[in-house]
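Architecture at a glance
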Amino acid sequence: MTAPWSEPFTRLAALFAQAKQAQPKDPNAMSLATVDANGRPSVRIVLMKDFDEQGFVFYTNHASRKGREALATKVAALNFHWPAMDMQVRIEGGLSVVTNAEADAYFATRPRESQLGAWASLQSQVLPSRSVLEQRLADLTKQYEGQTVPRPPHWSGFRLAPDRLEFWKAHPFRLHWREVYERSGNGWAKSELFP
Ligand SMILES: Cc1cc2nc3c(=O)[nH]c(=O)nc-3n(C[C@H](O)[C@H](O)[C@H](O)COP(=O)(O)O)c2cc1C
């Protein structure tokens, strides 16, 4: 069965709206799996900040472990789990970096403390002691006093363009529903999987 391009995105928009009601704390939290050059996977939570038919956007330090892996392999997988709705959505696809204009616009919406934090944190590097981070933050706070905090060049967004999405809904006796969309031409090949 084939489905139009917009179908999984329309479904997801409806689910996000439902998730905001069902679990107000971080309904946009998603697991992000990346892989290194040797095929070793790693996974962590990030927040999905934007989504449309082009893909799913998250922001991070591009020199972090995930950032380096994402830049090197250009693929990733996402997983939304909404326990209050007994649902998960699994997404796989290719990564691209958002435009500087897009990243700047989002960075400008962040609280000043988070903007300074993005500069202060050498994400994923060894921190010799907490005081090193606190001192970096104090120095940066002083440096940018009375000024707009610019976006660090190493801090930006990635957009994951999906080529596979799976909607999973719990059903009694482990007879769960699994519906998969796989990219096919301008639309999707849609199928069901055994649970
Ligand atoms: C609810 C939640 C939301 C998070 N959101 C982000 C995020 O949007 N971006 C980010 O870089 N890290 C976020 N983190 C922290 C990451 O899970 C992770 O610890 C950090 O990015 C370092 O990962 P890495 O060393 O694999 O690169 C979040 C963690 C949690 C629990």
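A brief look at the structure comes next.

Cut-offs applied
- Residues numbered from 1 in each chain as written.
- Predicted model: local features only at pLDDT ≥ 70, side-chain atom pairs only at ≥ 80, totals over all residues.
- Heavy atoms only, no water.
- Helix = DSSP H or I, 4+ residues; strand = E, 2+ residues; numbered from the N terminus.
- Buried < 20%, exposed > 50% of the residue type's maximum accessible area, 1.4 Å probe, protein only.
- Contact = heavy atoms within 4.5 Å.
- Areas by Shrake-Rupley, 256 points an atom, 1.4 Å probe, with all protein chains shown as cover.
- Near = heavy atom within 4 Å.
- Polar contact = N/O pair within 3.5 Å; in protein donor to acceptor, adjacent residues only side chain to side chain.
- Salt bridge = Lys/Arg side-chain N within 4 Å of Asp/Glu carboxyl O.
- Core = buried A, V, L, I, M, F, W, Y, C linked by side-chain atoms within 4.5 Å.
- Phe/Tyr/Trp six-rings, centres within 6.5 Å; stacked < 30°, edge-to-face > 60°.
- Pairing = 2+ DSSP bridges.

When helices and strands are tallied, the chain shows 5 helices and 10 strands. Projected onto the principal axes, the alpha-carbon positions of the chain cover approximately 60 × 35 × 30 Å. Taking all 195 residues of the chain together, the buried fraction comes to 38%. Look at the contacts in the chain between residues 6 or more apart in sequence, and 63% of them connect residues 24 or more apart. Counting only carbon and sulfur atoms, one obtains 55% of the accessible surface of the chain, whose full area is about 11200 Å².

Residues in close proximity to the ligand include Asp26, Arg44, Ile45, Val46, Leu47, Tyr59, Thr60, Ser64, Arg65, Lys66, Gln123 and Ser124, which together make up its full environment. At 2.6 Å from an oxygen atom of the ligand is found a side-chain nitrogen or oxygen belonging to Lys66. Contact with the protein chains hides 62% of the accessible area of the ligand, taken as 630 Å² for the molecule alone. Put simply, the parts of the chain that give the shell around the ligand at least two residues each are strand E3 (41-47), strand E5 (55-61) and helix H2 (65-73). No other element matches E3, which puts 4 residues into the shell around the ligand.

What follows concerns the pattern of salt bridges. Counted by the stated rule, this structure contains 10 salt bridges. Here Arg11 ties to Glu179 by a salt bridge, and the two come within 3.0 Å at their closest N and O atoms. Within this pair, whereas Arg11 is found in helix H1 (residues 7-22), its partner Glu179 is found in strand E9 (residues 177-184), the two being separated by 168 residues in sequence. Classification of Arg11 as partly exposed rests on a relative accessible area of 26%. Among the salt bridges present, the one from Arg151 reaches Asp104, with a minimum N-O distance of 2.6 Å. Placement of Arg151 in the loop between helix H5 (130-143) and strand E8 (155-169) and of Asp104 in helix H3 (residues 100-109) is noted, with a sequence separation of 47 residues between them. Each member of the salt-bridge network shares a partner with another, and the members are Glu7, Arg11, Glu179 and Lys190.

The next subject is the nonpolar core. Side chains of a nonpolar character, in soluble globular proteins, are inclined to be buried together. Leu12, Phe56, Phe80, Trp82, Val89, Ile91 and Leu165 are the most contacted members of the largest nonpolar core, which has 30 residues in total. Elements with a contribution of two residues or more to this core: H1, strand E2 (29-35), E5, strand E6 (75-82), strand E7 (87-97) and E8. Residue contributions to this core peak at 5 residues, all from H1. Setting aside its immediate chain neighbours within four residues, Val89 contacts Leu12, Leu15, Leu78, Asn79, Phe80, Trp82, Glu166 and Phe167.

Attention shifts here to the packing of aromatic side chains. Under the counting rule described, the total for this entry stands at 17 aromatic pairs. Here Trp5 and Trp188 contribute two aromatic rings whose centre-to-centre distance is 4.4 Å and whose plane-to-plane angle is 10°, an arrangement assigned as stacked. On the criterion of sequence distance, the pair formed by Trp5 in the loop between strand E1 (2-4) and H1 and Trp188 in strand E10 (residues 187-192) is long-range, its members being 183 residues apart. We classify Trp5 as buried; its relative accessible area is 18%.

A few words now on the pairing of E2. Burial of E2 is one-sided: the residues Met30, Leu32 and Thr34 facing one way are buried, the residues Ala29, Ser31, Ala33 and Val35 facing the other way are not. The pairing of E2 with E3 spans 7 bridges and is classified as antiparallel. Bridge pairing in E3 links Ala33 to Val43. If you look at the hairpin formed by E2 and E3, you'll find 5 residues sitting between the two strands, and Gly39 has a positive phi there, around 85°. Pairing between E2 and E6: 3 bridges, direction antiparallel. Pairing of Ser31 across the sheet is with Asn79, part of E6.

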